[in-house]
Amino acid sequence: MKNETDIIIGEYQTGFRSGRGIVDQIFALREIQAESFEHRKKIYVLFIDFKQAYDKMKREQLIRALKEMNFTDKIISMINLTLQRAEIRRKNQGKSIGKVQCRDWTEPRRSFITTLFKLALEKVIRQANINRGGLVYHKKHQCITYADDMAFITRSEKKMQELVKKLDTAAKMMGLEINEAKTKYMTWTEKEFCQGRYLEIKTDDGKQYNFEEVDRFKYLGPIFERQPGNAKPVYFRNPSKCEFKPWGHVKASTNPGDTVQEKMQRSLEQQMAIKFCVKLEKTAAETIPMLKKTFGVDCLSGRQIFRWHKALAEGREDVNDRNRAGRPSTSSSDDNVKRVPDLLNTDRRLSVRLISETLDITKTIVHEIVAYPKLVVQALLSGLLEIGR
(Lines give C-alpha, C1' and ligand atoms only; values in the text may rest on other atoms or scores of the structure.)
Protein backbone atom coordinates (compact mmCIF):
# COMPACT_ATOMS: atom_id res chain seq x y z
CA MET A 1 0.00 0.00 0.00
CA LYS A 2 2.91 2.37 0.66
CA ASN A 3 4.11 2.12 -2.95
CA GLU A 4 0.67 3.03 -4.28
CA THR A 5 0.41 5.88 -1.77
CA ASP A 6 3.75 7.39 -2.86
CA ILE A 7 2.55 7.43 -6.47
CA ILE A 8 -0.76 9.10 -5.60
CA ILE A 9 0.46 11.76 -3.16
CA GLY A 10 1.98 14.94 -4.59
CA GLU A 11 5.52 16.20 -4.05
CA TYR A 12 4.29 18.74 -1.49
CA GLN A 13 4.09 15.96 1.15
CA THR A 14 7.36 14.57 2.60
CA GLY A 15 6.10 13.09 5.87
CA PHE A 16 6.83 9.38 6.44
CA ARG A 17 7.93 8.85 2.84
CA SER A 18 11.04 7.02 1.67
CA GLY A 19 13.78 9.31 0.41
CA ARG A 20 12.10 12.44 1.77
CA GLY A 21 12.14 14.15 5.14
CA ILE A 22 12.08 17.29 7.25
CA VAL A 23 15.29 18.63 5.74
CA ASP A 24 13.64 18.93 2.30
CA GLN A 25 10.90 21.23 3.60
CA ILE A 26 13.27 23.30 5.76
CA PHE A 27 15.59 23.83 2.80
CA ALA A 28 12.65 24.72 0.50
CA LEU A 29 11.31 27.35 2.90
CA ARG A 30 14.71 28.95 3.43
CA GLU A 31 15.39 29.06 -0.32
CA ILE A 32 12.00 30.66 -0.99
CA GLN A 33 12.68 33.25 1.70
CA ALA A 34 16.15 34.02 0.33
CA GLU A 35 14.82 34.34 -3.25
CA SER A 36 11.99 36.62 -2.14
CA PHE A 37 14.41 39.04 -0.49
CA GLU A 38 16.80 38.87 -3.42
CA HIS A 39 14.05 39.97 -5.81
CA ARG A 40 12.31 42.17 -3.20
CA LYS A 41 9.02 40.26 -3.37
CA LYS A 42 6.70 40.20 -0.37
CA ILE A 43 5.71 36.66 0.60
CA TYR A 44 2.84 35.59 2.87
CA VAL A 45 3.17 32.37 4.89
CA LEU A 46 0.52 30.60 6.96
CA PHE A 47 1.58 27.72 9.24
CA ILE A 48 -1.55 25.56 9.62
CA ASP A 49 -2.31 23.15 12.44
CA PHE A 50 -5.28 20.75 12.61
CA LYS A 51 -7.13 19.78 15.79
CA GLN A 52 -6.52 16.11 16.64
CA ALA A 53 -5.78 15.44 12.99
CA TYR A 54 -5.37 11.67 13.26
CA ASP A 55 -8.50 11.06 15.33
CA LYS A 56 -11.18 13.20 13.67
CA MET A 57 -11.13 11.81 10.13
CA LYS A 58 -14.51 10.56 8.92
CA ARG A 59 -14.26 6.91 8.02
CA GLU A 60 -17.00 7.02 5.37
CA GLN A 61 -15.34 9.94 3.56
CA LEU A 62 -11.94 8.24 3.79
CA ILE A 63 -13.25 5.01 2.22
CA ARG A 64 -14.91 7.05 -0.53
CA ALA A 65 -11.63 8.85 -1.18
CA LEU A 66 -9.76 5.54 -1.45
CA LYS A 67 -12.22 4.35 -4.07
CA GLU A 68 -11.74 7.56 -6.08
CA MET A 69 -7.98 6.98 -5.94
CA ASN A 70 -8.49 3.53 -7.54
CA PHE A 71 -7.30 1.36 -4.66
CA THR A 72 -8.21 -2.30 -5.09
CA ASP A 73 -11.37 -3.65 -3.46
CA LYS A 74 -9.28 -6.04 -1.35
CA ILE A 75 -7.23 -3.23 0.20
CA ILE A 76 -10.32 -1.09 0.81
CA SER A 77 -12.12 -4.00 2.47
CA MET A 78 -9.15 -4.68 4.77
CA ILE A 79 -8.88 -0.99 5.68
CA ASN A 80 -12.62 -0.76 6.28
CA LEU A 81 -12.41 -3.81 8.51
CA THR A 82 -9.58 -2.23 10.50
CA LEU A 83 -11.40 1.07 10.94
CA GLN A 84 -14.40 -0.42 12.66
CA ARG A 85 -14.88 -2.69 15.64
CA ALA A 86 -15.47 -6.08 14.06
CA GLU A 87 -15.44 -9.66 15.28
CA ILE A 88 -13.60 -12.45 13.52
CA ARG A 89 -14.35 -16.11 14.22
CA ARG A 90 -11.37 -18.46 14.05
CA LYS A 91 -11.79 -22.09 13.02
CA ASN A 92 -9.48 -25.10 13.03
CA GLN A 93 -10.56 -28.11 10.94
CA GLY A 94 -14.13 -26.83 10.91
CA LYS A 95 -14.31 -26.30 14.68
CA SER A 96 -14.61 -22.84 16.23
CA ILE A 97 -11.64 -22.05 18.48
CA GLY A 98 -12.51 -18.51 19.55
CA LYS A 99 -13.19 -14.93 18.51
CA VAL A 100 -10.92 -11.96 17.88
CA GLN A 101 -11.87 -8.29 18.18
CA CYS A 102 -10.46 -6.00 15.48
CA ARG A 103 -8.84 -2.80 16.71
CA ASP A 104 -10.89 0.36 16.97
CA TRP A 105 -10.34 3.48 14.83
CA THR A 106 -8.02 5.13 17.35
CA GLU A 107 -5.98 1.98 18.03
CA PRO A 108 -4.24 0.94 14.75
CA ARG A 109 -0.48 1.24 14.52
CA ARG A 110 0.84 4.73 13.97
CA SER A 111 2.45 3.90 10.61
CA PHE A 112 -0.93 2.77 9.30
CA ILE A 113 -2.73 5.84 10.65
CA THR A 114 -0.18 8.23 9.12
CA THR A 115 -0.62 6.61 5.72
CA LEU A 116 -4.39 6.97 5.92
CA PHE A 117 -4.08 10.58 7.05
CA LYS A 118 -1.80 11.43 4.11
CA LEU A 119 -4.42 9.98 1.74
CA ALA A 120 -7.19 11.91 3.49
CA LEU A 121 -5.18 15.13 3.25
CA GLU A 122 -4.47 14.41 -0.41
CA LYS A 123 -8.22 14.22 -1.02
CA VAL A 124 -8.69 17.55 0.78
CA ILE A 125 -5.90 19.20 -1.24
CA ARG A 126 -7.35 17.97 -4.53
CA GLN A 127 -10.90 18.99 -3.64
CA ALA A 128 -9.72 22.47 -2.62
CA ASN A 129 -7.80 22.75 -5.93
CA ILE A 130 -4.55 23.61 -4.15
CA ASN A 131 -1.23 23.54 -6.00
CA ARG A 132 0.33 20.11 -5.37
CA GLY A 133 3.65 20.41 -7.16
CA GLY A 134 4.47 23.86 -8.57
CA LEU A 135 6.61 26.52 -6.97
CA VAL A 136 5.52 29.95 -5.80
CA TYR A 137 7.95 31.43 -8.36
CA HIS A 138 5.74 30.23 -11.22
CA LYS A 139 2.40 29.90 -9.42
CA LYS A 140 0.42 32.22 -7.19
CA HIS A 141 0.80 29.88 -4.22
CA GLN A 142 2.67 26.84 -2.95
CA CYS A 143 1.88 24.18 -0.35
CA ILE A 144 4.54 22.53 1.83
CA THR A 145 3.54 19.72 4.18
CA TYR A 146 5.21 17.26 6.53
CA ALA A 147 2.56 14.81 7.83
CA ASP A 148 -0.04 17.15 9.40
CA ASP A 149 2.26 20.22 9.58
CA MET A 150 1.18 22.37 6.64
CA ALA A 151 2.45 25.71 5.34
CA PHE A 152 0.77 27.86 2.68
CA ILE A 153 3.00 30.29 0.75
CA THR A 154 1.38 32.98 -1.41
CA ARG A 155 2.30 36.24 -3.14
CA SER A 156 -0.77 38.14 -1.95
CA GLU A 157 -2.97 38.29 1.14
CA LYS A 158 -6.12 37.92 -0.97
CA LYS A 159 -4.87 34.64 -2.42
CA MET A 160 -4.11 33.38 1.09
CA GLN A 161 -7.69 34.12 2.18
CA GLU A 162 -9.07 32.25 -0.85
CA LEU A 163 -6.91 29.20 -0.11
CA VAL A 164 -7.93 29.03 3.54
CA LYS A 165 -11.63 29.24 2.60
CA LYS A 166 -11.29 26.35 0.15
CA LEU A 167 -9.18 24.33 2.59
CA ASP A 168 -11.64 24.86 5.45
CA THR A 169 -14.61 23.70 3.34
CA ALA A 170 -12.84 20.58 2.04
CA ALA A 171 -11.29 19.74 5.41
CA LYS A 172 -14.63 19.86 7.25
CA MET A 173 -16.09 17.34 4.79
CA MET A 174 -13.25 14.97 5.77
CA GLY A 175 -13.77 15.73 9.50
CA LEU A 176 -10.66 17.91 9.91
CA GLU A 177 -10.74 21.27 11.67
CA ILE A 178 -8.19 24.09 11.60
CA ASN A 179 -6.77 24.94 15.02
CA GLU A 180 -7.05 28.73 15.15
CA ALA A 181 -4.96 29.08 18.32
CA LYS A 182 -1.92 27.22 16.93
CA THR A 183 -2.14 28.43 13.33
CA LYS A 184 0.18 31.40 12.83
CA TYR A 185 0.65 33.95 10.07
CA MET A 186 3.89 35.55 8.88
CA THR A 187 4.99 37.97 6.17
CA TRP A 188 8.51 37.91 4.73
CA THR A 189 9.33 41.54 4.09
CA GLU A 190 11.89 44.21 4.96
CA LYS A 191 9.28 46.36 6.71
CA GLU A 192 9.22 46.55 10.50
CA PHE A 193 6.99 44.11 12.38
CA CYS A 194 3.77 45.48 13.90
CA GLN A 195 2.53 43.63 16.99
CA GLY A 196 -1.17 42.80 17.24
CA ARG A 197 -2.01 42.26 13.55
CA TYR A 198 -4.23 39.36 12.48
CA LEU A 199 -5.17 37.70 9.22
CA GLU A 200 -8.96 37.84 9.23
CA ILE A 201 -10.80 35.25 7.15
CA LYS A 202 -14.53 34.56 7.03
CA THR A 203 -15.41 31.14 5.63
CA ASP A 204 -18.41 30.23 3.49
CA ASP A 205 -20.28 28.79 6.49
CA GLY A 206 -19.91 32.06 8.41
CA LYS A 207 -17.06 31.11 10.72
CA GLN A 208 -14.53 33.87 11.46
CA TYR A 209 -10.82 33.02 11.69
CA ASN A 210 -8.32 35.46 13.21
CA PHE A 211 -4.80 34.13 12.70
CA GLU A 212 -2.17 35.99 14.72
CA GLU A 213 0.77 37.47 12.82
CA VAL A 214 4.14 36.62 14.38
CA ASP A 215 7.72 37.69 13.68
CA ARG A 216 9.15 34.22 14.37
CA PHE A 217 7.78 30.69 14.34
CA LYS A 218 9.21 27.23 15.00
CA TYR A 219 8.31 24.97 12.07
CA LEU A 220 9.64 21.39 11.92
CA GLY A 221 12.34 22.26 14.45
CA PRO A 222 14.16 25.41 13.28
CA ILE A 223 12.89 28.92 14.01
CA PHE A 224 11.90 30.96 10.95
CA GLU A 225 12.00 34.74 11.19
CA ARG A 226 10.69 37.52 8.98
CA GLN A 227 14.07 38.18 7.38
CA PRO A 228 16.76 35.75 6.16
CA GLY A 229 20.20 35.70 7.70
CA ASN A 230 18.83 35.03 11.21
CA ALA A 231 18.87 31.26 10.88
CA LYS A 232 18.62 29.33 14.13
CA PRO A 233 20.15 25.86 14.75
CA VAL A 234 18.29 23.01 13.05
CA TYR A 235 16.70 20.68 15.59
CA PHE A 236 15.38 17.19 14.99
CA ARG A 237 12.96 15.26 17.14
CA ASN A 238 14.28 12.42 19.26
CA PRO A 239 11.36 9.91 19.24
CA SER A 240 12.58 8.00 22.28
CA LYS A 241 12.54 11.06 24.57
CA CYS A 242 9.98 13.20 22.69
CA GLU A 243 12.23 16.25 22.69
CA PHE A 244 14.16 18.28 20.14
CA LYS A 245 17.90 17.94 19.97
CA PRO A 246 20.37 19.75 17.70
CA TRP A 247 21.76 17.98 14.68
CA GLY A 248 25.30 16.85 15.42
CA HIS A 249 27.33 16.10 18.50
CA VAL A 250 27.78 19.80 19.41
CA LYS A 251 24.87 20.97 21.56
CA ALA A 252 22.97 24.19 20.99
CA SER A 253 25.02 27.21 21.93
CA THR A 254 23.84 30.06 24.09
CA ASN A 255 24.88 32.30 21.18
CA PRO A 256 22.92 31.33 18.02
CA GLY A 257 25.22 33.47 15.86
CA ASP A 258 28.32 31.39 16.60
CA THR A 259 30.12 29.95 13.59
CA VAL A 260 30.96 26.28 13.19
CA GLN A 261 34.62 27.04 13.92
CA GLU A 262 33.70 28.66 17.26
CA LYS A 263 31.58 25.67 18.26
CA MET A 264 34.34 23.24 17.33
CA GLN A 265 36.81 25.34 19.31
CA ARG A 266 34.65 24.88 22.42
CA SER A 267 34.59 21.13 21.76
CA LEU A 268 38.38 21.14 21.56
CA GLU A 269 38.57 22.96 24.90
CA GLN A 270 36.39 20.29 26.50
CA GLN A 271 38.52 17.50 25.02
CA MET A 272 41.59 19.11 26.55
CA ALA A 273 39.73 19.35 29.87
CA ILE A 274 38.90 15.63 29.65
CA LYS A 275 42.59 14.89 29.06
CA PHE A 276 43.44 16.95 32.17
CA CYS A 277 40.92 14.93 34.22
CA VAL A 278 42.44 11.67 32.92
CA LYS A 279 45.87 12.87 34.08
CA LEU A 280 44.33 13.52 37.52
CA GLU A 281 42.99 9.92 37.46
CA LYS A 282 39.39 11.10 37.48
CA THR A 283 36.78 8.60 36.23
CA ALA A 284 34.40 9.42 33.38
CA ALA A 285 31.49 9.58 35.83
CA GLU A 286 33.40 12.17 37.88
CA THR A 287 34.39 14.13 34.75
CA ILE A 288 30.85 14.64 33.40
CA PRO A 289 29.47 16.85 36.24
CA MET A 290 32.67 18.90 36.23
CA LEU A 291 32.32 19.62 32.49
CA LYS A 292 28.60 20.38 32.78
CA LYS A 293 29.27 22.85 35.59
CA THR A 294 32.02 24.55 33.57
CA PHE A 295 30.56 24.63 30.04
CA GLY A 296 26.80 24.58 30.75
CA VAL A 297 24.60 24.02 27.68
CA ASP A 298 27.71 23.87 25.46
CA CYS A 299 28.89 20.71 27.23
CA LEU A 300 29.42 17.58 25.13
CA SER A 301 27.00 14.71 25.51
CA GLY A 302 27.72 11.97 28.04
CA ARG A 303 28.41 9.51 25.24
CA GLN A 304 31.04 11.80 23.71
CA ILE A 305 32.69 12.35 27.11
CA PHE A 306 32.87 8.60 27.78
CA ARG A 307 34.34 8.00 24.31
CA TRP A 308 37.05 10.64 24.72
CA HIS A 309 37.82 9.58 28.31
CA LYS A 310 38.32 5.97 27.23
CA ALA A 311 40.54 6.91 24.26
CA LEU A 312 42.73 9.24 26.33
CA ALA A 313 42.95 6.75 29.21
CA GLU A 314 44.18 4.11 26.74
CA GLY A 315 47.12 6.28 25.73
CA ARG A 316 45.86 8.65 23.05
CA GLU A 317 47.60 12.05 23.27
CA ASP A 318 46.09 14.05 20.40
CA VAL A 319 42.77 15.72 21.32
CA ASN A 320 41.98 16.87 17.76
CA ASP A 321 39.43 14.98 15.69
CA ARG A 322 40.98 12.61 13.19
CA ASN A 323 40.53 13.24 9.49
CA ARG A 324 37.49 11.57 7.95
CA ALA A 325 36.90 10.37 4.42
CA GLY A 326 34.99 12.70 2.11
CA ARG A 327 35.42 15.80 0.00
CA PRO A 328 36.34 18.91 2.02
CA SER A 329 34.14 21.97 1.78
CA THR A 330 35.94 24.67 -0.24
CA SER A 331 33.05 26.97 -1.16
CA SER A 332 33.37 29.11 1.97
CA SER A 333 37.17 29.29 1.90
CA ASP A 334 39.03 32.51 2.67
CA ASP A 335 39.70 32.99 -1.05
CA ASN A 336 36.00 32.95 -1.91
CA VAL A 337 35.14 35.15 1.07
CA LYS A 338 37.49 37.78 -0.40
CA ARG A 339 36.33 37.34 -4.02
CA VAL A 340 32.67 38.11 -3.25
CA PRO A 341 33.27 41.57 -1.67
CA ASP A 342 35.77 42.43 -4.43
CA LEU A 343 33.14 41.70 -7.08
CA LEU A 344 30.49 43.62 -5.16
CA ASN A 345 32.77 46.65 -4.95
CA THR A 346 32.79 46.84 -8.74
CA ASP A 347 28.99 46.99 -8.92
CA ARG A 348 26.79 47.11 -5.78
CA ARG A 349 23.70 46.25 -7.83
CA LEU A 350 24.80 42.69 -8.55
CA SER A 351 22.35 40.04 -7.38
CA VAL A 352 23.21 36.87 -5.46
CA ARG A 353 22.35 34.78 -8.50
CA LEU A 354 24.69 36.74 -10.80
CA ILE A 355 27.52 36.60 -8.26
CA SER A 356 27.01 32.84 -7.93
CA GLU A 357 27.23 32.33 -11.69
CA THR A 358 30.21 34.64 -12.12
CA LEU A 359 32.35 33.16 -9.34
CA ASP A 360 31.03 29.57 -9.69
CA ILE A 361 29.90 29.45 -6.04
CA THR A 362 26.55 28.20 -4.78
CA LYS A 363 23.92 30.84 -4.02
CA THR A 364 23.67 29.64 -0.41
CA ILE A 365 27.37 30.31 0.21
CA VAL A 366 27.19 33.72 -1.52
CA HIS A 367 24.20 34.67 0.63
CA GLU A 368 26.04 33.62 3.81
CA ILE A 369 29.10 35.70 2.86
CA VAL A 370 26.97 38.75 2.07
CA ALA A 371 24.67 38.34 5.09
CA TYR A 372 27.45 37.66 7.60
CA PRO A 373 30.16 40.36 7.32
CA LYS A 374 31.91 38.60 10.21
CA LEU A 375 33.24 36.02 7.71
CA VAL A 376 34.80 38.79 5.62
CA VAL A 377 36.46 40.33 8.68
CA GLN A 378 37.88 36.95 9.68
CA ALA A 379 39.25 36.39 6.18
CA LEU A 380 40.86 39.85 6.10
CA LEU A 381 42.40 39.34 9.53
CA SER A 382 43.82 35.96 8.52
CA GLY A 383 45.33 37.60 5.41
CA LEU A 384 46.91 40.37 7.47
CA LEU A 385 48.37 37.85 9.89
CA GLU A 386 49.96 35.92 7.03
CA ILE A 387 51.44 39.14 5.62
CA GLY A 388 52.78 40.04 9.06
CA ARG A 389 54.51 36.71 9.36
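Quick note: structure is the one above.
Quick caveat: nothing in here was measured; it's all calculated off a predicted structure.

What counts, and where the lines are drawn
Residues numbered from 1 in each chain as written. Predicted model: local features only at pLDDT ≥ 70, side-chain atom pairs only at ≥ 80, totals over all residues. Heavy atoms only, no water. Helix = DSSP H or I, 4+ residues; strand = E, 2+ residues; numbered from the N terminus. Buried < 20%, exposed > 50% of the residue type's maximum accessible area, 1.4 Å probe, protein only. Contact = heavy atoms within 4.5 Å. Areas by Shrake-Rupley, 256 points an atom, 1.4 Å probe, with all protein chains shown as cover. Pairing = 2+ DSSP bridges. Polar contact = N/O pair within 3.5 Å; in protein donor to acceptor, adjacent residues only side chain to side chain. Axes fitted to C-alpha atoms, helices over the stretch in contact; angles between N-to-C directions. Parallel < 35°, antiparallel > 145°, perpendicular 65-115°, else oblique. Left-handed = near helix turned anticlockwise from the far one by under 90°.

S.K.: Just to check I follow, could you spell out the overall build of the protein for this structure?
M.R.: If you tally the helices and strands in the protein, you get 13 helices and 12 strands. Looking at the protein residue by residue over its 389 residues, the buried ones come to 40%. Summarising the internal contacts of the protein: among those between residues at least 6 apart in sequence, 64% fall at separations of at least 24. When the accessible surface of the protein is split by element, carbon and sulfur atoms take 50% of a total near 23,300 Å².

S.K.: Got a minute to help me understand the pairing of strand E5 (residues 149-154) in this structure?
M.R.: The two faces of a sheet get side chains in turn, since along a regular strand they alternate between them. Of all 6 residues in E5, 5 are buried, a share of seventy percent or more. Relative to E5, strand E1 (residues 43-48) runs antiparallel, the two being bridged by 5 bridges. Within the sheet, the bridge partner assigned to phenylalanine 47 lies in E5 and is alanine 151. Pairing geometry for strand E4 (residues 141-146) and E5, over 6 bridges, is antiparallel. Bridge assignment links cysteine 143 to a residue of E5, and that residue is phenylalanine 152.

S.K.: For this particular structure, what's the right way to read the side chain of arginine 226?
M.R.: Of note, arginine 226 is situated in the loop between strand E10 (223-225) and strand E11 (235-238). A polar contact of 2.8 Å, which involves the side chain of arginine 226, links it to the backbone oxygen of lysine 191. Leaving out residues up to four positions away in the same chain, arginine 226 has contacts with Gln33, Phe37, Met186, Thr187, Trp188, Thr189, Lys191, Glu192, Phe193, Glu213, Val214 and Asp215.

S.K.: Quick question: what am I supposed to make of the packing of helix H8 (residues 284-295) against helix H9 (residues 302-313) here?
M.R.: A pair of packed helices is characterised by two quantities: the angle between their axes and the separation of those axes. Two elements in contact, H8 and H9, have axes whose closest approach is 10 Å; the angle formed by their N-to-C orientations is 130°. For the element pair H8 / H9, the angle class is oblique. In this structure, the crossing between H8 and H9 has a hand that is right-handed. Two secondary-structure elements touch here, H8 through Ala284, Ala285, Thr287, Ile288 and Leu291 and H9 through Gly302, Ile305, Phe306 and His309.

S.K.: Explain the environment of arginine 197 to me, please; I cannot follow it from the model alone.
M.R.: With respect to the helices, strands and loops of the structure, arginine 197 is situated in the loop between strand E6 (184-188) and strand E7 (198-202). Residues within four places of arginine 197 in sequence aside, it is in contact with Glu157, Phe211, Glu212 and Glu213. A polar contact of 2.3 Å, which involves the side chain of arginine 197, links it to the side chain of glutamate 213.

S.K.: Would you mind showing me how to read the sheet that holds E1 here?
M.R.: Whether parallel or antiparallel, the strands of a sheet pair through hydrogen bonds between backbone atoms. Taken in spatial order, the 6 strands line up as E4-E5-E1-E6-E8-E7 in an open sheet, and their pairing is mixed. Whereas interior strands pair on both sides, the edge strands pair on one side only; in this sheet they are E4 and E7. For this sheet the average axis-to-axis angle between neighbouring strands, irrespective of direction, equals 25°. In this structure, E6 lies alongside strand E8 (residues 208-213), joined through 2 bridges in parallel fashion. Along E8, the bridge assignment pairs lysine 184 with glutamate 212. Against the sheet, helix H2 (residues 22-38) makes contact with E1, E4, E5 and E6, and its axis sits at roughly 150° relative to E4, the strand it touches most. Taken strand by strand, helix H6 (residues 157-174) contacts E1, E4, E5, E6, E7 and E8, and its axis lies near 50° from that of E7.

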